[in-house]
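Inside the fold
Residue strings, one per chain:
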Amino acid sequence: MSLNPQYEDIGKGFVQQYYALFDDPANRASVVNFYSATESFMTFEGHQIQGAPKILEKIQSLSFQKITRVITAVDSQPTFDGGVLINVLGRLQCDDDPPHAFSQVFMLKANANSFFVAHDIFRLNIHNTA
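Residues numbered from 1 in each chain as written. Predicted model: local features only at pLDDT ≥ 70, side-chain atom pairs only at ≥ 80, totals over all residues. Heavy atoms only, no water.

Things to note about the pattern of salt bridges
In plain terms, the rule: Salt bridges are identified by distance alone: a Lys or Arg side-chain nitrogen within 4 Å of an Asp or Glu carboxyl oxygen. Each helix is a run of DSSP H or I of at least 4 residues and each strand a run of E of at least 2, with the numbering of both proceeding from the N terminus. Relative accessibility decides the category of a residue: with a 1.4 Å probe and only protein chains considered, values under 20% of the type maximum give buried, values over 50% give exposed, and everything between is partly exposed.
Applying the stated criterion across every chain, the model contains 4 salt bridges. Of the charged contacts, one joins Glu57 and Lys54 as a salt bridge, the two residues approaching to 4.0 Å between their closest N and O atoms. Here Glu57 pairs with Lys54, and both are found in helix α2 (residues 52–61), just 3 residues apart, close to one helical turn. With a relative accessible area of 49%, Glu57 lands in the partly exposed category.

In structure tokens, the structure reads:
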């Protein structure tokens, strides 16, 4: 495979689709369809998870219902195997909690004529100032 020249469009399109599903409580669990049953990894606030079933468990364990998200930047790079590396910066607010900056990195791997999330790293950007 070679570099995918559509990497910017793929990155932005994926981010729009992913967060539209994730931010809707009725459809949140369907983001699991972006992940592989065995070949996907997620690190959520330092907790590492492997495989779509475990990722779904984590997503379903999140206690908030309402989420408001503002995307500040989406940066994408092609990978030499036809995939796309995506870095997302933004701010989110869950239920009545105060808003927090966040960062999320996705590594999309090519799979036939589609992609799956091979790696997903999410972190709230909260700094301990004490």
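Comments concerning the nonpolar core
How we decide: The set of buried Ala, Val, Leu, Ile, Met, Phe, Trp, Tyr and Cys residues whose side-chain atoms join them within 4.5 Å is what this entry labels a nonpolar core. The contact definition used throughout considers only heavy atoms, calling two residues in contact when any of these lie within 4.5 Å.
Counting 30 residues, the largest nonpolar core has Phe14, Tyr18, Phe22, Tyr35, Ile86 and Phe106 as the members making the most contacts within it. Those elements that place two or more of their residues in this core are α1 (7–22), β1 (41–44), α2, β3 (67–78), β4 (84–94), β5 (100–111) and β6 (114–124). Discounting residues that sit within four places of it in the chain, Phe22 has contacts with Arg28, Val31, Ile59, Leu62, Phe64, Ile67 and Arg69.

Comments concerning the side chain of Asp23
Defined as follows: Polar contact criterion, stated in full: a pair of N or O atoms within 3.5 Å, where within protein one must be able to donate a hydrogen and the other to accept it, and residues adjacent in sequence count only if both atoms are side-chain atoms.
Here Asp23 is to be found in the loop between α1 and β1. Separated by 2.6 Å, the side chains of Asp23 and Arg69 make a polar contact. Setting aside residues no more than four positions away along its own chain, Asp23 makes contact with Arg28, Ile67 and Arg69.

Things to note about α2
We count it as follows: The directions from the helix axis to the C-beta atoms form the arc being described.
If you check which residues of α2 are buried, you get Ala52, Ile55 and Ile59. Down the axis, α2 shows its buried residues gathered within 60° of arc, on one side only. Across α2 from its buried face, at more than 90 degrees, point the exposed residues Pro53 and Gln60.

A look at the side chain of Ser76
Within the secondary structure, Ser76 is located in strand β3. A relative accessible area of 8% means that Ser76 is categorised as buried. Once residues lying within four places of it in the same chain are set aside, the contact partners of Ser76 are Tyr7, Glu8, Gly11, Val84, Leu85 and Ile86.

So, α1
Counted only if it meets this: To estimate the expected span of a helix, count its residues, drop one, and scale the result by 1.5 Å.
With 16 residues, α1 should cover 22 Å at 1.5 Å per step; its first-to-last C-alpha distance of 22 Å lies within 8% of that length. When α1 is considered as a whole, its buried residues turn out to be Ile10, Gly11, Phe14, Val15, Tyr18, Tyr19 and Phe22. Down the axis of α1, the buried side of the element spans an arc of 140°, and every buried residue falls inside it. For α1, exposure combined with an orientation more than 90 degrees from the buried face picks out Asp9, Gln16 and Ala20. Of the surrounding elements, those touching the buried residues of α1 are α2, β3, β4, β5 and β6.

Looking at the sheet that holds β3
Inclusion rule: Note: two strands are recorded as paired if DSSP finds a minimum of 2 bridges between them. The axes are straight lines fitted to the C-alpha atoms, using for helices just the contacting stretch, and the angles between their N-to-C directions are given from 0 to 180°.
Pairing is mixed in the open sheet, where 6 strands are placed in the order β2-β1-β6-β5-β4-β3. With one partner strand each, in any of the chains shown, β2 (47–50) and β3 form the two edges of the open sheet. Taken over all neighbouring pairs, the strand axes of this sheet differ in orientation by 20° on average, direction set aside. Across 11 bridges, β3 lies against β4 in antiparallel orientation. Bridge assignment links Ile71 to a residue of β4, and that residue is Gly90.

Quick look at the pairing of β4
Burial of the side chains of β4 is restricted to one face: Val84, Ile86, Val88, Gly90, Leu92 and Cys94 are buried, whereas none of Leu85, Asn87, Leu89, Arg91 and Gln93 on the reverse face is. Taking the residues between adjacent antiparallel strands as the criterion, β3 and β4 are bridged by 5 residues, where Gly82 takes a positive phi near 90°. Examined bridge by bridge, β4 and β5 share 9 bridges and lie antiparallel to one another. Residue Ile86 lies in a different strand from β5, and its bridge partner there is Phe106. Hairpin remark: β4 followed by β5, antiparallel, with 5 residues in the connecting loop; positive phi at Asp95, about 50°.

Coordinates in, geometry out; function isn't part of it.
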